[in-house]
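What the coordinates show
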Amino acid sequence: MLYLIPTPIGNLEDTTFRAVRLIAELDYLLVEDSRVTRKLLNHFGIENKMVPFHAHNEHRQTPKILEDLKNGSDVGLLSDAGSPGISDPGFLLVRACRSEGLEVSVLPGASAVITAITGS
């Protein structure tokens, strides 16, 4: 299954318990920038494989990821801050998963829009 995992917009402690658990348990993580994600993983003491997935390689990476998902891998897609697929990579991969009949699970979490609305 592909998991879309939001990451905090500011404070790493805003990460959900479920997100931390999945980040540690998944077969590998698709990340926009490994330097940014490394800070999150280090904060929670997590070691997991990170695979670059961003605007410059998502077309090239998607077929391999689909193959892994078809073979039973559980993969997490994390953006640098906020929810994958909003203003970050993810649309192409999610669309490909849907067209292949592969499951996608979206975790609730960080959203700049909701934060701005409630704070105003």
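Above this text you will find the structure in question.
Here's a quick rundown of the structure. (Residues numbered from 1 in each chain as written. Predicted model: local features only at pLDDT ≥ 70, side-chain atom pairs only at ≥ 80, totals over all residues. Heavy atoms only, no water.)

Relative to the helices and strands, S79 resides in the loop between β4 (75–78) and α4 (91–99). Non-local contacts of S79, meaning those with residues more than four positions away in its chain, are made with I5, T7, E32, P84 and D88. (Helix = DSSP H or I, 4+ residues; strand = E, 2+ residues; numbered from the N terminus. Contact = heavy atoms within 4.5 Å.)

A few words on the nonpolar core. In terms of nonpolar packing, the biggest core is built from 17 residues, with L2, L30, I65, L69, L93 and C97 touching the most fellow members. For this core, the elements supplying multiple residues, two or more each, are β1 (2–5), β2 (28–31), α3 (58–70), β4 and α4. At four residues, α4 tops the list of elements feeding residues into this core. When neighbours within four sequence positions are excluded, L30 is seen to be in contact with L2, V51, F53, I65, V75, G76, L77, L78 and L93. Judged by nonpolar contacts, the second largest core, of 15 residues, contains Y3, A19, L40 and L78. (Core = buried A, V, L, I, M, F, W, Y, C linked by side-chain atoms within 4.5 Å. Buried < 20%, exposed > 50% of the residue type's maximum accessible area, 1.4 Å probe, protein only.)

This next bit is on the pattern of salt bridges. Counting across every chain of the model gives four salt bridges. As a salt-bridge pair, R21 and E25 come within 3.0 Å of each other at their nearest N and O atoms. Taken together, the residues span about one helical turn, with R21 and E25 both in helix α1 (residues 17–25) at a distance of four residues. Here E25 falls in the exposed class, since its relative accessible area comes to 52%. Ionic pairing is found between K64 and D68, a salt bridge with its closest N-O pair at 2.9 Å. Of this pair, K64 and D68 both sit in helix α3, four residues apart, which is roughly one turn of that helix. (Salt bridge = Lys/Arg side-chain N within 4 Å of Asp/Glu carboxyl O.)

What follows deals with the side chain of T7. In this fold, T7 is placed in the loop between β1 and α1. Accessibility expressed as a relative area gives 5% for T7, which makes it buried. Side-chain polar atoms of T7 contact the backbone oxygen of S79, separated by 2.9 Å. A polar contact is formed between the side chain of T7 and the backbone oxygen of D80, at a distance of 3.3 Å. Those residues within four positions of T7 in sequence are excluded, and the remaining contacts are L40, L78, S79, D80, A81, G82 and A110. (Polar contact = N/O pair within 3.5 Å; in protein donor to acceptor, adjacent residues only side chain to side chain.)

Going through the model one piece at a time under the given rule, you end up with zero aromatic pairs. In this arrangement the basic side chain of K49 is found over the ring face of Y28, its NZ or CZ atom lying 5.7 Å from the centre. (Phe/Tyr/Trp six-rings, centres within 6.5 Å; stacked < 30°, edge-to-face > 60°. Lys NZ or Arg CZ within 6 Å of the ring centre and 35° of its normal.)

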